[in-house]
Every structure is written in C-alpha cells, then in structure tokens.
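Structure at a glance
Spelled out, the chains give:
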Amino acid sequence: MAERERDAHGKPLNARPRDGLGRPMARGGNGTPRVPDDLRLPPTAALVEAQKFLDANMPFHAHEVLEGTWKSCPSDERPLWQGLAQLAVGLTHLMRGNRVGAASLLRQGHDRLVGFESNPPHHLDVTGLLTWSEGLLGELETGRLPVVPGIPALRVTD
C-alpha cells in the first residue's frame with residue numbers, strides 16, 4: 001500500500017488532481033488548479049474570488065474559497081459564510097447530478113442565511129440568495145433536474 005501524502009506538519013493531503021467540479025481524478029492526470037487549503041481571504045476579496053469561480057461554472061472551488069473565510073471570520077458571521085459555502089457545494093452536487101445531496105446542502109445553506117437579510121453583512125444580496133435557493137429547491141421538489149444557474153446574487157448590492 002502506498003504511503004499517503006502529508007504536509008510539513010504531518011497532516012494527510014489528497015494530492016490527486018481534481019476536475020472542475022472537484023471530483024478526484026487518477027494520479028498523474030491533468031486536473032484543474034486547486035484552491036490552497038490554507039487560503040484565508042478577507043470578506044470582500046473572498047466574495048470576488050468565489051464569484052469568479054461561480055461565473056466559470058466551478059462552484060466546488062467557490063465553496064473552498066468561502067470555506068476559508070468561514071474558518072477565519074468572526075463568530076457572529078460564521079453562519080453566513082457557512083451558508084454561502086453550502087450553497088456553492090449544493091450547486092456542485094446539482095451539477096454532478098446528485099439531486100438528493102444538492103437539495104440537502106441547498107436547504108442547509110438557505111437556512112443559515114435566514115436572519116441576515118434585514119442587515120446583510122458586506123452588502124451581500126442575502127434576499128436574492130434566499131429567493132434563488134428557494135426557487136432551485138422548488139424545482140428539485142418537482143423531481144426534475146433543473147437547469148443549473150449560477151449564483152448571481154453573490155454580487156454585492158449598492
């Protein structure tokens with residue numbers, strides 16, 4: 001059995017390349033560049049970077065950017081960032097064809113954002129995100145695999 005890759009601190013790594021939706025590929029293949037595990041961006045930079053990935057139909061990578069901010073933000077904002085990350089990974093599952101996983105994560109992300117719409121941090125369009133996720137969840141409940149839209153509401157409001 002091959003020795004598992006580890007970082008300088010002995011933490012296990014998954015060095016296998018990944019495709020644009022974050023699925024592991026065979027070792028030695030050419031995958032999509034990965035978001036560094038230790039990336040921690042301030043909120044505005046994280047939103048800009050995550051939106052770039054969403055616009056490129058790479059929600060798994062957006063999730064990783066948002067997760068980094070979630071792990072380093074003030075405790076009162078953690079539900080917001082966790083919710084954003086869950087919406088992105090829910091979209092990832094949807095693009096992979098996993099309706100059940102998509103619905104679960106979209107619901108969890110949606111529910112974490114509830115309460116932030118009256119005074120949204122960082123000028124986020126939380127109301128737009130809630131409306132978007134409710135629409136997608138409604139389509140999933142019909143049994144159809146919806147056309148996968150991006151998350152335009154991650155853009156900040158004026």
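Report follows, based on the coordinates. (Residues numbered from 1 in each chain as written. Predicted model: local features only at pLDDT ≥ 70, side-chain atom pairs only at ≥ 80, totals over all residues. Heavy atoms only, no water.)

A word on the overall build of the protein
- When helices and strands are tallied, the protein shows five helices and zero strands.
- Going from the N terminus to the C terminus, the protein shows its helices and strands as α-α-α-α-α.
- Burial statistics for the protein: of 158 residues in total, 39% are counted as buried.
- Of the contacts made within the protein by residues no fewer than 6 positions apart, 56% connect residues no fewer than 24 positions apart. (Helix = DSSP H or I, 4+ residues; strand = E, 2+ residues; numbered from the N terminus. Buried < 20%, exposed > 50% of the residue type's maximum accessible area, 1.4 Å probe, protein only. Contact = heavy atoms within 4.5 Å.)

Details of the environment of Ala 85
- The topology assignment puts Ala 85 in helix H3 (residues 78-96).
- Given a relative accessible area of 1%, Ala 85 falls into the buried group.
- Linking Ala 85 and Ala 62, residues 23 residues apart in sequence, is a C-alpha distance of 7.5 Å.
- Every residue in contact with Ala 85, bar those within four places of it in the chain, is listed here: His 63, Leu 66, Glu 67 and Trp 70.

Digging into helix H2 (residues 59-72)
- Its 14 residues place the ends of H2 20 Å apart at the C-alpha level, agreeing with the 20 Å of an ideal helix rising 1.5 Å per residue.
- Regarding H2, the residues found buried are Pro 59, Phe 60, His 61, Ala 62, His 63, Glu 64, Val 65, Leu 66, Gly 68 and Thr 69.
- Each element contacted by the buried residues of H2 is listed here: helix H1 (43-55) and H3. (Expected span 1.5 Å × (residues − 1).)

Some remarks on unusual backbone geometry
- Within the chain, His 122 stands out as a residue other than glycine whose phi angle is a positive 60°.
- Along the chain, His 122 falls in the loop between helix H4 (99-113) and helix H5 (126-141).
- Located in the positive-phi region is His 123, a residue other than glycine, with phi close to 60°.
- Tracing the backbone shows His 123 in the loop between H4 and H5.
- Residue class for His 123 comes out exposed when judged on its relative accessible area of 53%.

Examining the nonpolar core
- One finds Leu 66, Leu 80, Trp 81, Leu 84, Leu 106, Leu 113 and Val 126 to be the most contacted residues of the largest nonpolar core, which totals 31 residues.
- Mapped onto this core, the elements with two or more residues apiece are H1, H2, H3, H4 and H5.
- Here Leu 66 is in contact with Ala 50, Trp 81, Leu 84, Ala 85 and Ala 88, once residues within four sequence places are set aside. (Core = buried A, V, L, I, M, F, W, Y, C linked by side-chain atoms within 4.5 Å.)

Let's talk about H4
- The terminal C-alpha atoms of H4 lie 21 Å apart, and with 15 residues this matches the ideal 21 Å at 1.5 Å per residue to within 8%.
- Packed against the buried residues of H4 are H3 and H5.
- Here H4 starts with a cap whose side-chain oxygen sits 3.4 Å from the backbone nitrogen of Val 100, and that cap is Asn 98.
- Positive phi appears at Gly 115, one or two residues downstream of H4, with a value of about 105°. (Polar contact = N/O pair within 3.5 Å; in protein donor to acceptor, adjacent residues only side chain to side chain.)

Observations regarding the packing of H3 against H4
- Between H3 and H4, the shortest axis-to-axis distance is 7 Å and the interhelical angle comes to 160°. When the axes of H3 and H4 are compared, the pair comes out roughly antiparallel. For the element pair H3 and H4, the recorded crossing hand is left-handed. Residues Pro 79, Leu 80, Gln 82, Gly 83, Leu 84, Gln 86, Leu 87, Val 89, Gly 90, Leu 91, His 93 and Leu 94 of H3 form the contact with H4, whose own contacting residues are Gly 101, Ala 102, Leu 105, Leu 106, Gln 108, Gly 109, His 110, Arg 112 and Leu 113.
- Tallied by class, residues from the contact of H3 with H4 come to eleven nonpolar, nine polar and one charged. (Axes fitted to C-alpha atoms, helices over the stretch in contact; angles between N-to-C directions. Parallel < 35°, antiparallel > 145°, perpendicular 65-115°, else oblique. Left-handed = near helix turned anticlockwise from the far one by under 90°. Nonpolar A, V, L, I, M, F, W, Y, C, P; charged D, E, K, R; others polar.)

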